[in-house]
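If you want the building blocks of each chain, they are given just below.
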Amino acid sequence: HSNLKLLGSGYPSASASRVAGTTGMRHHGQKYFLGGVITCFSFLLTPSQRLERCMSIVTSMTAGVSEREANDALNAYVCKGPPQHEEICLGLFTLVLTEPAQAQKCYRDLALVSRDGMNIVLNKINQILMEKYLKLQDTCRTQLVWLVRELVKSGVLGADGVCMTFMKQIAGGDVTAKNIWLAESVLDILTEQREWVLKSSILIAMAVYTYLRLIVDHHGTAQLQALRQKEVDFCISLLRERFMECLMIGRDLVRLLQNVARIPEFELLWKDIIHNPQALSPQFTGILQLLQSRTSRKFLACRLTPDMETKLLFMTSRVRFGQQKRYQDWFQRQYLSTPDSQSLRCDLIRYICGVVHPSNEVLSSDILPRWAIIGWLLTTCTSNVAASNAKLALFYDWLFFSPDKDSIMNIEPAILVMHHSMKPHPAITATLLDFMCRIIPNFYPPLEGHVRQGVFSSLNHIVEKRVLAHLAPLFDNPKLDKELRAMLREKFPEFCSSPSPPVEVKIEEPVSMEMDNHMSDKDESCYDNAEAAFSDDEEDLNSKGKKREFRFHPIKETVVEEPVDITPYLDQLDESLRDKVLQLQKGSDTEAQCEVMQEIVDQVLEEDFDSEQLSVLASCLQELFKAHFRGEVLPEEVTEESLEESVGKPLYLIFRNLCQMQEDNSSFSLLLDLLSELYQKQPKIGYHLLYYLRASKAAAGKMNLYESFAQATQLGDLHTCLMMDMKACQEDDVRLLCHLTPSIYTEFPDETLRSGELLNMIVAVIDSAQLQELVCHVMMGNLVMFRKDSVLNILIQSLDWETFEQYCAWQLFLAHNIPLETIIPILQHLKYKEHPEALSCLLLQLRREKPSEEMVKMVLSRPCHPDDQFTTSILRHWCMKHDELLAEHIKSLLIKNNSLPRKRQSLRSSSSKLAQLTLEQILEHLDNLRLNLTNTKQNFFSQTPILQALQHVQASCDEAHKMKFSDLFSLAEEYEDSSTKPPKSRRKAALSSPRSRKNATQPANAEEESGSSSASEEEDTKPKPTKRKRKGSSAVGSDSD
């Protein structure tokens, strides 16, 4: 699953070139791909026609020789090095796709020569699936399915990721023959290889979620009914045998099960869910457990094909409000025009609410808002059932909303649809308000109280977060009919009059919207997603979902080999400029184009140039140089020569001229304006500029020009511009992202080191080799990714990321020379079931540290739980390595907590929301440590400081504590019996008593291990004050009184 996120990371037209990149492919590809070879493989082209060479290498080695000789030749070639290994794998892979008759033999050879566990092949399959699946001929699709089946049979690591990518290609609301074939083919693989499926929890959940959703679409013909029965049997068997794995789907599992509830097998399942949940799993407590669990983004995203996802992301990140009609019309024609597509509305609405979470910058811009798209989708519903399901999808996260677990972004669209529709479309607002009122008693009557609380919490949170200042104008609006207004007043009296509703539910700690975006749900999408390519709008092909959790790599725009048409723009240009643009179009080679481009730049910089023509010129350049933005930018071999050659593109002349000017020059501003216009039409130019400033010798030391560029764009903000450009780079070219990372962090520290947004972009797509490269950069001093004032916040954000991403973040942190004390407070946020990655990394780091009092305090502050061994394990380690120091710190903490009156303890605890160290906690952890050290030679509990502290606590604690921790206190009894003097005298006697006496009479017992926080080691100087406090407390009685 982690590997899947690293696939397809290059820019499709170039990275996919590693799959099949050639214009030739002779007769092989032509028979199997739409439109012949050029269309099929153009998305995979490289100038060297690499794939054809790979295939010809394989063919030359295997033609006319025996199978054994062929195998020997292939193995000998593979052993020469990684490039040769990749060539042979690609050649064999291409033969499998294009020559069905040779497929079995080629796969056998592939299995023999592969040195990376088929990783190259898995990468290429994912790239084809995510980028050009719709372009494949039927025969080639069949071969892909055949190949995946063979990979699954062989148990190849990572084949589950390919299966999930295949499932993503199965469109909802589509019963065309090709889509049904794909659904059945993937289902057959999963059914045939059931034992293999059961090894992957995420594959089980994803398959159940996918086919539960598809069952609704498959009815009518005998073929569809047969497929439906296979899907029902498949889902029922997994749900009954592996219900806990399916439980990870969350509340949307209930929604999908409701849609199929009338099918007999699911009726029986529903009876068990409601009346006998233990029959499904001993850990399953009932339907409320499911409904209170938020559905992960990866499930919501998996039910949109890459193409749908691309278009939707384009609309939510690039289309301006008011200019969306043609995009919506195109989308409706493409996906929503058939009766079967009615069910797709729910998938789209759930995706928009749960996955597309725009940043603050996008929210405050004129980009098409989410509520507008949802409002439009609601109006496209033509059946009552579809409309009701769409409304349920919109309000679904409201019903069991908890501010602690759910995001405001999931509930915001519904309230904004109602708010913004009140004036232009009051009927939409009315029907949604009516639905909100009626869903409370009708969703599931036994849980009506929970639903009511969920809706109330949602409304309260909306007001608290200032999504709307108050709700009275919405709920008590004269445009609503009297009956509805009366119902609203009855259901929500708190919101109909008072502008500040009472707080009846716990409101989450105020967090910036950006923090919401970047922290929540790091399971986020295990799928690559795509760049928009609306067929009638090639010039705006850019989708960079700014949303942090949404990790996607773009599907490249459709590449059609036909002349670029810039005729509409030419008439708007001056004659001389028009001639130069035409020369540019006809330019036969790069050098000639560069000369013409320089002439155009010179003309733009002339005093009499009409700046109003910049926009038209930008449109021409964007059309002419589309090829600049197809393919990986970074050369395969990074040398000074290759870098300099790569920045020799005609469009880069604008960058070169910019670097040669003074920033206060009017020409400088004019070129920035031209770049700003280009940026609007082709946002990829942002990271191309970053690359030029990093790679070109002419731009040495000029990286700050990017800041001037960012301020000249419509975004006008360096941080926003930088994050969007790095996101686009991440989607297109991961190698380039890694190449730019040191420069970006060095040149723009204030923009990169304060939040985890950029870090998450990087760790979401890098592989282990790229991680190691970044670690080396850090250790050599070329890269700083963390600083003391923000590292803690970033690591806290990372707790919701994927496992591999978290480990990457911790590896990068550990490469820095930042004291552990800086981030030790993160321990307060770590829960043993939810954050195993961070706990493991922290534990391993703490064992290298000498304990300070603050560290010990943080460790002891962890809640005691029998399954949480963190505290016990680190304390045990410290016992072995630093017993005297640990004893002094524990003594100090015990005496401090025992001396504080109960009220002051509670006040102190409330001042820090998470760090609550109580006397009982310390004693529980010490008792666990005692048990853990039983039967060992460790004499930790015979040390004088520990015995003094236990004696001190025992003298003043209540009887309940004395009984609960009697074994612990018994360790101090002999020490206590050695003197009957008052506390001061007894302490002196204790200090003089030899430690060996205690060793002889008492085994050292203890159990506690945990790590966190930092502080000074000054406790040796503190016995006297604690002695006075204890004397006072013993005079008046126990602290617990």
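Rules and cut-offs
- Residues numbered from 1 in each chain as written.
- Predicted model: local features only at pLDDT ≥ 70, side-chain atom pairs only at ≥ 80, totals over all residues.
- Heavy atoms only, no water.
- Helix = DSSP H or I, 4+ residues; strand = E, 2+ residues; numbered from the N terminus.
- Contact = heavy atoms within 4.5 Å.
- Areas by Shrake-Rupley, 256 points an atom, 1.4 Å probe, with all protein chains shown as cover.
- Axes fitted to C-alpha atoms, helices over the stretch in contact; angles between N-to-C directions.
- Left-handed = near helix turned anticlockwise from the far one by under 90°.
- Nonpolar A, V, L, I, M, F, W, Y, C, P; charged D, E, K, R; others polar.
- Phe/Tyr/Trp six-rings, centres within 6.5 Å; stacked < 30°, edge-to-face > 60°.
- Buried < 20%, exposed > 50% of the residue type's maximum accessible area, 1.4 Å probe, protein only.
- Lys NZ or Arg CZ within 6 Å of the ring centre and 35° of its normal.
- Core = buried A, V, L, I, M, F, W, Y, C linked by side-chain atoms within 4.5 Å.
- Salt bridge = Lys/Arg side-chain N within 4 Å of Asp/Glu carboxyl O.
- Parallel < 35°, antiparallel > 145°, perpendicular 65-115°, else oblique.
- Expected span 1.5 Å × (residues − 1).
- pLDDT = per-residue confidence, 0-100.
- Polar contact = N/O pair within 3.5 Å; in protein donor to acceptor, adjacent residues only side chain to side chain.

Visitor: Which parts of the structure should I look at to understand the overall build of the protein?
Guide: Looking only at helices and strands, the protein features 63 helices and one strand. Long-range contacts, defined here as pairs at least 24 residues apart, represent 78% of the contacts in the protein between residues at least 6 apart. Surface accessibility of the protein: about 40800 Å² in total, with carbon and sulfur atoms responsible for 50%.

Visitor: I'm lost on the packing of helix α41 (residues 666-681) against helix α43 (residues 705-712) in this one. Help?
Guide: α43 packs onto α41 with a crossing angle of 65° between their chain directions and a minimal axis gap of 9 Å. The two elements α41 and α43 cross, and the hand of that crossing is right-handed. In contact with Phe668, Leu672, Leu675, Ser676 and Tyr679 of α41, α43 contributes Leu705, Ser708, Phe709 and Ala712. Broken down by class, the residue content of the contact of α41 with α43 amounts to seven nonpolar, two polar and no charged.

Visitor: Sorry if this is basic, but what is going on with the packing of aromatic side chains here?
Guide: Any aromatic ring pair is given by two values, namely how distant the centres are and how the planes are angled relative to each other. Taken as a whole and assessed by the stated rule, the structure comprises 25 aromatic pairs. Ring geometry for phenylalanine 475 and phenylalanine 492: centres 5.7 Å apart, planes at 45°, overall tilted. Note that phenylalanine 475 is positioned in helix α31 (residues 472-475) and phenylalanine 492 in the loop between α32 (482-491) and α33 (493-496), a separation of 17 residues in sequence. Across the pair, phenylalanine 492 and phenylalanine 475 agree in class, each one buried. A cation over a ring is seen here: arginine 141 above tyrosine 133, with NZ or CZ 4.5 Å from the ring centre.

Visitor: Help me out: how do you make sense of the nonpolar core in this one?
Guide: The nonpolar side chains of a soluble globular protein tend to be buried, and buried together. Counting 178 residues, the largest nonpolar core has Phe266, Trp398, Ile415 and Phe475 as its most contacted members. Per-element tally for this core: the top contributor is helix α15 (residues 201-215), with twelve residues. Setting aside its immediate chain neighbours within four residues, tryptophan 398 contacts Ile411, Ala414, Ile415, Met418, Met436, Gly454, Val455, Ser458, Leu459 and Ile462. Among the nonpolar cores identified, the runner-up in size contains 148 residues, and Val647, Phe813, Val859 and Leu875 belong to it.

Visitor: What is the right way to read the environment of phenylalanine 625 from this model?
Guide: The residue phenylalanine 625 is located in the loop between α38 (614-624) and α39 (640-646) in this model. Sequence-wise, phenylalanine 625 and glutamine 585 are 40 residues apart; in three dimensions their C-alpha atoms are separated by 9.2 Å. Once residues lying within four places of it in the same chain are set aside, the contact partners of phenylalanine 625 are Leu584, Gln593, Met597, Pro650 and Leu651.

Visitor: Help me understand the pattern of salt bridges in this model?
Guide: Oppositely charged side chains can pair when the atoms bearing their charge come close. Tallied over the entire structure, the rule returns 41 salt bridges. The partner of lysine 105 in a salt bridge is aspartate 109, with the nearest N and O atoms 3.2 Å apart. Pair noted here: lysine 105 and aspartate 109 are both in helix α9 (residues 103-113), with a separation of four residues, about one helical turn. The closest approach of N and O atoms between glutamate 192 and arginine 149, which form a salt bridge, is 3.2 Å. Remark: arginine 149 occurs in helix α11 (residues 138-153) and glutamate 192 occurs in helix α13 (residues 177-192); sequence separation between them is 43 residues.

Visitor: Would you mind showing me how to read the packing of helix α36 (residues 575-586) against helix α37 (residues 590-604) here?
Guide: The description of two helices packed together rests on the angle between their axes and the distance between the axes. Packing of α36 against α37 leaves a shortest axis separation of 9 Å and a crossing angle of 160°. In terms of their interaxial angle, α36 and α37 are classed as roughly antiparallel. Crossing angle aside, the handedness with which α36 passes α37 is left-handed. Contacts between α36 and α37 involve Ser576, Leu577, Lys580, Val581, Gln583 and Leu584 from the former and Gln593, Val596, Met597, Glu599, Ile600 and Gln603 from the latter. For the contact of α36 with α37, a count of residues per class yields six nonpolar, four polar and two charged.

Visitor: Can you help me understand α11 in this one?
Guide: Residues spaced three or four apart along an α-helix point in a common direction, a consequence of the helix completing one turn every 3.6 residues. Taking 1.5 Å of rise per residue, 16 residues should cover 22 Å, and α11 covers 23 Å from first to last C-alpha, within 8% of that figure. The buried count for α11 comes to twelve of 16 residues, which makes it a mostly enclosed element. Close packing links the buried residues of α11 with α8 (82-98), α9, α10 (119-131), α12 (159-168), α13 and α14 (194-197). The positive-phi residue at the C-terminal boundary of α11 is glycine 155, with phi of around 65°.

Visitor: Whenever I open this one, helix α27 (residues 384-395) confuses me. Can you help?
Guide: Helix length check: α27, at twelve residues, gives a terminal C-alpha distance of 17 Å against a target of 16 Å (1.5 Å per residue), a fit within 8%. Where α27 is concerned, the buried positions are Ala386, Ala390, Lys391, Leu392, Ala393, Leu394 and Phe395.

Visitor: When you look at the confidence of the model for the protein in this model, what are you seeing that I'm missing?
Guide: Averaged over every residue, the pLDDT of the protein is 79; the share at 70 or more is 80%. The model gives residues 902-915 a pLDDT under 50, and that stretch makes 16 contacts with residues more than four places away or in other chains. Of the regions scoring below 50 in pLDDT, residues 978-1041 engages in 175 contacts with residues more than four places distant in sequence or in other chains.

Visitor: Looking at this structure, how should I read unusual backbone geometry?
Guide: With phi around 70°, methionine 118 is a residue other than glycine that occupies positive phi space. Assignment of secondary structure puts methionine 118 in the loop between α9 and α10. Judged by relative accessible area, which is 6%, methionine 118 ranks as buried. Backbone geometry at arginine 466 places phi at a positive 65°, although glycine is not the residue there. By secondary structure assignment, the location of arginine 466 is in the loop between α30 (448-464) and α31. Exposure remark for arginine 466: the relative accessible area of 59% places this residue in the exposed category.

Visitor: Where do I start with the environment of serine 114 in this structure?
Guide: With respect to the helices and strands, serine 114 occurs in the loop between α9 and α10. On the accessibility criterion, serine 114 (15% relative accessible area) is buried. Along the primary structure serine 114 and glutamate 86 are separated by 28 residues, whereas in three dimensions their C-alpha atoms are 8.7 Å apart. Every residue in contact with serine 114, bar those within four places of it in the chain, is listed here: His85 and Cys89. Reaching out from serine 114, the side chain makes a polar contact with the side chain of aspartate 116 at a distance of 3.0 Å.

Visitor: Is there a simple way to think about the environment of arginine 876 in this case?
Guide: Note that arginine 876 resides in helix α53 (residues 870-881). Residue arginine 876 is classed as partly exposed on the basis of its relative accessible area, which comes to 27%. In sequence terms arginine 876 and arginine 930 are 54 residues apart; their C-alpha atoms lie 9.5 Å from each other. Polar contacts involving the side chain of arginine 876 include one to the side chain of asparagine 932, which spans 2.5 Å.

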